[in-house]
Amino acid sequence: MIISWNITKACQLKCLHCYRDAGTKEADELTPAEGKELIDEIALAGFKILIISGGEPLMRPDVYDLIAHARSKGLRPVLGTNGCMIDRTVARKLKEAGLTRAGISLDSTDAAVHDNFRQYPGAWQESLAGMKACLDEGLDFQIHTTVTTYNYQNVEKITDLAVTLGAKAHHIFFLVPTGRGKDLEALIPSHAYQALLKKIMHKQRAVSIELKPVCAPQFVPLAQDMHQPTRFQRGCLAGVSYCCILPNGDVHPCPYFPIKVGNTRAQKFSALWKSHPLFKELRDGEYSGNCGGCLHKTTCGGCRARAYAATGNYMDFDPECIY
């Protein structure tokens with residue numbers, strides 16, 4: 001079970017696709033004490049991996065304390081970061097706090113494309129410097145790429161670069177139009193989506209690092225159809241074995257799924273996770289449209305966030321489905 005906590009909306013970048021519309025810290029962030037209490041509840045609810053992200057999580061001063069507290073509770077803390085703030089000192093402090101891996105964003109092998117997408121001159125170079133700092137300090141890192149019309153033909157080259165740089169994995173996030181991404185008009189067409197998933201499956205056979213499509217739940221049945229071994233048993237985990245917590249404690253089924261199910265200041269997270277009707281609906285999996293009658297609905301599940309963005313009904317069909 002995996003959970004994401006966006007610990008802040010503060011960020012020095014203005015990425016075109018940002019689902020959290022990050023940039024400025026908001027006044028109602030959970031306090032350090034509330035954050036530690038939340039981590040206790042996350043552990044109590046049975047989660048194993050805590051993704052600490054933002055915004056840019058390294059802009060929150062107590063990030064090292066939160067990582068250490070998560071580790072003390074038996075969680076595996078990982079970081080989602082743009083990498084621009086990581087030098088050897090930061091990498092060392094992250095490792096000493098108990099961070100198990102840093103996920104660093106990289107959207108192209110072309111610095112200009114990445115910098116434009118991230119709206120920050122020099123972001124590409126700073127991200128690579130952050131990766132090298134992690135490598136030098138013995139902190140595992142992986143690369144995160146958001147797939148759009150800007151870069152979908154470059155993904156395999158990014159994988160090759162990830163291998164060269166010493167990354168442990170390359171996680172490939174397919175754009176969901178939410179936050180600033182709603183106005184981006186950069187979703188790749190369905191035929192390109194299907195073709196890229198197949199290319200990723202073939203690429204996995206050629207490289208030793210893990211490749212994982214994210215927000216592309218059809219990759220699980222596709223891997224089975226292509227006889228490609230994978231440790232993943234289900235595509236969309238939203239509300240089933242995954243959810244997201246915003247900086248102010250609002251709880252959503254996933255970062256791209258803009259429906260609030262509660263707030264950790266008003267209700268214990270462990271109780272919310274166990275009993276909220278929306279989570280129960282997602283776990284029951286009684287989908288409508290093409291997803292409802294699909295043979296792969298238990299291994300794929302369709303992207304519930306994309307269904308909601310396209311139709312207003314999170315139990316409806318996934319419009320990008322390759323099946």
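Our subject is the structure listed above.
Residues numbered from 1 in each chain as written. Predicted model: local features only at pLDDT ≥ 70, side-chain atom pairs only at ≥ 80, totals over all residues. Heavy atoms only, no water.

Tell me about the overall build of the protein, residues and numbers included.
Looking only at helices and strands, the protein has 12 helices and 10 strands in total. Against the globule reference of 20 Å for 323 residues, the protein gives a C-alpha radius of gyration of 19 Å, in line with a compact fold. Seen through its C-alpha atoms, the protein measures out along the principal axes to roughly 50 × 45 × 35 Å. Expressed as a percentage of the 323 residues in the protein, the buried residues total 59%. A sequence separation of at least 24 residues applies to 69% of the contacts in the protein between residues at least 6 apart. As presented, the protein carries roughly 13400 Å² of accessible surface, and 52% of it is formed by carbon and sulfur atoms. (Helix = DSSP H or I, 4+ residues; strand = E, 2+ residues; numbered from the N terminus. Rg over C-alpha atoms; globule rule 2.2 N^0.38 Å. Buried < 20%, exposed > 50% of the residue type's maximum accessible area, 1.4 Å probe, protein only. Contact = heavy atoms within 4.5 Å. Areas by Shrake-Rupley, 256 points an atom, 1.4 Å probe, with all protein chains shown as cover.)

Can you break down the environment of Glu96 residue by residue, with the values?
Within the secondary structure, Glu96 is located in helix α3 (residues 88-97). For Glu96, a relative accessible area of 63% gives the class exposed.

Which residues make up the side chain of Gln228, and what values do they have?
With respect to the helices, strands and loops of the structure, Gln228 is situated in the loop between α8 (219-225) and β8 (242-245). Polar side-chain contacts of Gln228 include one of 2.8 Å to the side chain of Arg205. In contact with Gln228, not counting residues within four places along its chain, are Met201, Gln204, Arg205 and Ala223. (Polar contact = N/O pair within 3.5 Å; in protein donor to acceptor, adjacent residues only side chain to side chain.)

Quick rundown of the nonpolar core? Include the residues and the values.
With 89 residues, the main nonpolar core has Trp5, Ile42, Leu50, Leu94, Phe174 and Phe269 as its most contacted residues. Considering every element that reaches this core, the biggest residue donor is helix α7 (residues 190-204), with 6 residues. In this structure, Cys11, Leu13, Ala22 and Ala123 belong to the second largest nonpolar core, which totals 7 residues. (Core = buried A, V, L, I, M, F, W, Y, C linked by side-chain atoms within 4.5 Å.)

How would you explain helix α6 (residues 155-165) if you had to name every residue and give the values?
Inspection of α6 places Val155, Ile158, Thr159, Leu161 and Ala162 among the buried residues, and these make up the whole buried set. Here the buried residues of α6 occupy an arc of 165° about the axis, which is enough to place them on one side. Within α6, the exposed residues directed more than 90 degrees away from the buried face are Lys157 and Thr164. Of the surrounding elements, those touching the buried residues of α6 are α5 (123-136), β5 (141-147), β6 (169-174), α7 and β7 (210-214). Where α6 ends, the next residue or the one after it, Gly166, has phi of about 95°, a positive value. (Arc of directions from axis to C-beta.)

Requested: an account of the side chain of His170, with residues and values cited.
Checked against the element boundaries, His170 lands in strand β6. At 2.7 Å, the side chain of His170 forms a polar contact with the side chain of Thr159. Beyond its immediate sequence surroundings of up to four residues, His170 is in contact with Ile143, Thr145, Val155, Ile158, Thr159, Ile209, Glu210, Leu211 and Lys212.

Could you give me a rundown of unusual backbone geometry, with the residues and numbers involved?
Residue Gly55 follows Gly54 across a cis peptide bond; omega there is 15°. By the element assignment, Gly55 lies in the loop between β2 (49-53) and α2 (63-72). For Asp21, which is not glycine, the phi torsion reads 50° and is therefore positive. Within the secondary structure, Asp21 sits in the loop between β1 (2-6) and α1 (32-44). One non-glycine residue, Gln119, adopts positive backbone phi at about 55°. Secondary-structure assignment places Gln119 in the loop between α4 (111-118) and α5.

Can you lay out the sheet that holds strand β10 (residues 262-263) for me, pointing to particular residues and giving the numbers?
Pairing within the open sheet is mixed, and its 10 strands lie in the order β7-β6-β5-β4-β3-β2-β1-β8-β9-β10. The outermost strands of the open sheet, each flanked by one partner alone, are β7 and β10. (Pairing = 2+ DSSP bridges.)

Please provide a residue-by-residue account of the pairing of strand β3 (residues 76-81), values included.
Counting buried residues along β3, 5 of its 6 residues qualify, which places the element largely inside the surrounding structure. Looking at chain direction, β2 and β3 are connected through 4 bridges and run parallel. What sits directly across from Leu50, in β3, is Pro77. Between the parallel elements β2 and β3, the chain passes through α2 in a crossover that is right-handed. Relative to strand β4 (residues 101-105), β3 runs parallel, the two being bridged by 4 bridges. Note on β4: the bridge partner recorded for Thr81 is Ile104. For the crossover from β3 across α3 to β4, the handedness is right-handed. (Right-handed = clockwise from strand over helix to strand, strands pointing away.)

So, the environment of Cys215: which residues are in play, and what are the values?
Relative to the helices and strands, Cys215 is located in the loop between β7 and α8. With 210 residues separating them along the chain, Cys215 and Trp5 place their C-alpha atoms 17 Å apart. In this structure, Cys215 is in contact with Phe174, Val176, Tyr193, Tyr256 and Arg306, ignoring residues within four places of it in sequence.

By themselves, these are just geometric observations and shouldn't be taken as functional.
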